[in-house]
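The primary structure of each chain is shown beneath.
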Amino acid sequence: MFKIKKKAAKSKFPVLYNIVEDYSEFDAPGNVTVCAMTLQEDLSAHAKVLSESYEVPLETMAKLLAEGGVYVYPQVGGILTRGLFACRIDPTGEAPKQTWTLDLMQFAEAEQLAHARSIPLGEVAAMVLHRTLPEELQAKLDEKNLGIDYRTLDRAVAKGGDIKYIDFRKDWSPHFKRLCIMPDGRLVETGGLEEFAQLHGITSAQAKTLVEQGGMLEVNGEILACQIVNGQPAVARFSAKNSMKAKELAATRGLRMMDALSEVGYNDSLMMRGLTRKELGARP
């Protein structure tokens, strides 16, 4: 008698957040997504994910999440190409732990303020971050638990009690879903560069370049396009028919290819159907 070999269960990603508020449509550098957790922090899982997301050594990240502090990215070839990663822990325990990154411009401002006022870099980094956030979010951060009415939360979320930590995220990782508009109007979520690459049949290197820099890729006669809007990637895949329409439009009207694709997409009722449903579903 043959034994049927069971397929190995896919490893599940740890649940890091149960409250997510999107502010990514605001102007950079305040374009963040607030990812918060009411349940107890799984420090090792949290450190692993943030280490992968922000390319901070795992041991360093674990120490930052346990003690607070800042990690200044090392120079590459004598040039500083990234700012810093910060973790702030309230010693009184009243405010949730917060993590975020500063880009090069913000980092330069933080360093200048730290030297001018003789204030620790971690404190100045928090000042610089909070000042750049949308006013609505700044106001929420002054309130307990972001001012959320816990009566409106799912019981599984509310039972955790107060928010334990908040990550101000901007990255594309397995724990941070983003949408892609498909030629048939579906809005498909992908949670990382590997998953995104597999969905579209491209390499991880191509996926990384596309979502970080924007641009277009021809894939099996179709066009996969990405625009960077307020520092965030907006992705759509166009059918072979719509790709041809966009090329003709670009040639006859002298448009940039990305603009031609946008015009074709907006005039395609099938592609716009998913976005319309999403907008309708988001209304109160």
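In case you missed it, the structure is sitting above this.
Reading guide: rules and limits
Residues numbered from 1 in each chain as written. Predicted model: local features only at pLDDT ≥ 70, side-chain atom pairs only at ≥ 80, totals over all residues. Heavy atoms only, no water. Helix = DSSP H or I, 4+ residues; strand = E, 2+ residues; numbered from the N terminus. Expected span 1.5 Å × (residues − 1). Contact = heavy atoms within 4.5 Å. Pairing = 2+ DSSP bridges. Axes fitted to C-alpha atoms, helices over the stretch in contact; angles between N-to-C directions. Parallel < 35°, antiparallel > 145°, perpendicular 65-115°, else oblique.

Explain helix 1 (residues 43–54) to me, please; I cannot follow it from the model alone.
In an α-helix, one full turn covers 3.6 residues, which means residues spaced three or four apart are oriented alike. Here helix 1 contains 12 residues, and its C-alpha end-to-end distance of 16 Å stays within 8% of the 16 Å for a straight helix at 1.5 Å per residue. Contact partners of the buried residues in helix 1: helix 2 (58–67), strand 4 (84–88), strand 5 (97–102) and strand 6 (165–169). Remark: Glu 55 follows helix 1 within two positions and exhibits a positive phi of approximately 55°.

Looking at this structure, how should I read the sheet that holds strand 4?
Whenever strands of a sheet pair, they do so through backbone hydrogen bonds, lying parallel or antiparallel. In spatial order, the strands read 1-2-6-5-4-3; together these 6 strands make up an open sheet with mixed pairing. At either end of the open sheet lies a strand with only one pairing partner, and these are strand 1 (19–22) and strand 3 (69–72). Taking each pair of neighbouring strands and ignoring which way they run, the sheet shows an average axis angle of 15°. Sheet topology places strand 2 (residues 33–37) next to strand 6; 5 bridges connect them, and they run antiparallel. Looking at the pairing, Cys 35 lines up with Asp 167 of strand 6. Strands in contact with helix 3 (residues 104–117) are strand 3, strand 4 and strand 5; relative to strand 5, the strand with the most contacts, it is inclined by about 110°.

Quick question: what am I supposed to make of the packing of helix 7 (residues 193–200) against helix 8 (residues 204–213) here?
Where helix 7 contacts helix 8, the axes come no closer than 9 Å and their chain directions differ by 105°. Here helix 8 runs roughly perpendicular to helix 7, going by the angle between their axes. Of the residues in helix 8, those in contact with Leu 193, Glu 194, Phe 196 and Ala 197 of helix 7 are Ser 204, Ala 207, Lys 208, Leu 210 and Val 211.

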